[in-house]
Amino acid sequence: MKKKTPLEPKDRLILALDLPSVNDARYLVDKIGETVSIYKIGYRLGYAAGGLELAQQLVEQGKQIFLDFKLHDIPQTVSQGIKSLSRTGASFLTVHAYPQTMRAAIKGRGAGDLTLLAVTALTSYDDTDAAEAGYALNIHDLTARRARQACESGMDGLIIAATEAKDIRAIIAPHIELITPGIRPFGALANDQKQTMTPGEALKAGADRLVIGRPILSANDPKEAAKQIMDEINEALTTA
Ligand code: C5P
């Protein structure tokens with residue numbers, strides 16, 4: 001696990017570039033300018049034509065890239081995949097929180113400085129889905145178990161629902177990074193997120209960084225929406 005360093009307010013917001021094409025993404029990044037420093041690229045954009053080249057170009061332009069590829073495969077494949085993805089210059093990468101996969105991820109990173117994040121349990125899963133997939137534990141216990149295993153494996157951070165941040169922070173090492181999606185500014189549409197928190201609430205619950213997509217992507221003025229979220233982040237940090 002890397003030593004957790006104090007974060008600047010601008011390092012707290014991760015904008016999910018959930019857009020269909022590289023051109024759409026470039027247009028948005030240009031429009032947003034300096035307001036956002038970290039962009040998340042997931043399946044949709046990463047696997048679109050030119051997705052990984054875009055990641056590399058944004059790194060060259062001084063942005064940080066979060067590759068949300070949620071890797072899980074045999075150890076050799078995970079390690080080698082991470083070596084290849086590291087060449088993009090990305091700063092963050094997600095893998096599923098299976099102990100074998102996490103160990104392979106850490107091996108694949110080697111001496112590189114990629115921040116490795118563990119996805120404990122998908123937030124689309126409930127207890128019925130977990131049972132259907134063959135797990136004896138309910139989602140709450142599965143999340144807690146995997147959070148502990150991620151710490152023991154030396155992972156740098158966890159992706160968890162904002163609503164779980166407080167509980168997880170209480171049971172695991174304080175120095176692991178907690179990154180939370182499901183963030184909605186007051187009055188924003190929840191969309192398909194079932195357990196949401198505002199940026200200020202999530203930070204106060206122990207989240208270190210917030211992943212936000214549609215409240216910015218769907219806004220009439222995405223730059224203004226991002227600025228308002230940054231204002232809320234700044235306010236939450238100064239009143240903490
Ligand atoms: O648009 P919205 O703010 O809901 O986007 C949230 C982002 O976080 C999406 O890219 C989604 O894939 C990601 N995510 C999530 N829940 C998780 C893990 C990742 O919503 N448990």
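For the structure, check the block above.
Read on for an overview of the structure. Bear in mind the structure is a predicted one, so any value in this text is a computation, not a measurement. (Residues numbered from 1 in each chain as written. Predicted model: local features only at pLDDT ≥ 70, side-chain atom pairs only at ≥ 80, totals over all residues. Heavy atoms only, no water.)

1. Here's the deal with the overall build of the protein
For the protein, the helix and strand inventory stands at 11 helices and 8 strands. Over its C-alpha trace the protein gives a radius of gyration of 17 Å, about what one expects of a compact globule, namely 18 Å for 240 residues. Seen through its C-alpha atoms, the protein measures out along the principal axes to roughly 45 × 35 × 35 Å. When burial is assessed residue by residue, the protein has 50% of its 240 residues classed as buried. A separation threshold of at least 6 residues defines the contact pool for the protein, and within that pool the share at least 24 residues apart is 64%. (Helix = DSSP H or I, 4+ residues; strand = E, 2+ residues; numbered from the N terminus. Rg over C-alpha atoms; globule rule 2.2 N^0.38 Å. Buried < 20%, exposed > 50% of the residue type's maximum accessible area, 1.4 Å probe, protein only. Contact = heavy atoms within 4.5 Å.)

2. Section: the sheet that holds strand S6 (residues 157-159)
Strand order in this closed barrel of 8 strands is S1-S2-S3-S4-S5-S6-S7-S8, and the pairing throughout is parallel. Taken over all neighbouring pairs, the strand axes of this sheet differ in orientation by 25° on average, direction set aside. Relative to strand S7 (residues 177-180), S6 is paired through 3 bridges, and the arrangement is parallel. Bridged to Gly157 within S7 is Glu177. (Pairing = 2+ DSSP bridges. Axes fitted to C-alpha atoms, helices over the stretch in contact; angles between N-to-C directions.)

3. Some thoughts on the pattern of salt bridges
Taken as a whole, this structure holds 6 salt bridges when the rule is applied. Where Lys10 meets Asp11, a salt bridge forms, and the shortest distance between an N and an O atom there is 3.2 Å. A salt bridge links Lys70 to Asp68, with the shortest nitrogen-to-oxygen separation between them at 3.0 Å. Each of Lys40, Asp68 and Lys70 takes part in salt bridges that share partners, so that together they form one network. (Salt bridge = Lys/Arg side-chain N within 4 Å of Asp/Glu carboxyl O.)

4. Points about the packing of aromatic side chains
Within this structure, the stated rule accounts for 3 aromatic pairs. Taken together, Tyr43, Tyr47 and Phe69 form an aromatic cluster joined through their ring pairs. When the ring centre of Tyr98 is taken as origin, the NZ or CZ atom of Arg146, which lies over that ring, is 4.3 Å away. (Phe/Tyr/Trp six-rings, centres within 6.5 Å; stacked < 30°, edge-to-face > 60°. Lys NZ or Arg CZ within 6 Å of the ring centre and 35° of its normal.)

5. Points about the pairing of strand S8 (residues 209-212)
The side chains of a regular strand alternate between the sheet's two faces. Neither face of S8 is open: one carries Arg209 and Val211, the other Leu210 and Ile212, and all of them are buried. Pairing between strand S1 (residues 13-16) and S8: 3 bridges, direction parallel. Across the sheet, Ile14 pairs through a bridge with Val211, a residue of S8. Examined bridge by bridge, S7 and S8 share 2 bridges and lie parallel to one another. Each bridged residue has a counterpart across the sheet, and for Thr180 the counterpart in S8 is Leu210. Assessed by its sense of winding, the connection that carries the chain from S7 through helix H9 (residues 199-204) to S8 is right-handed. (Right-handed = clockwise from strand over helix to strand, strands pointing away.)

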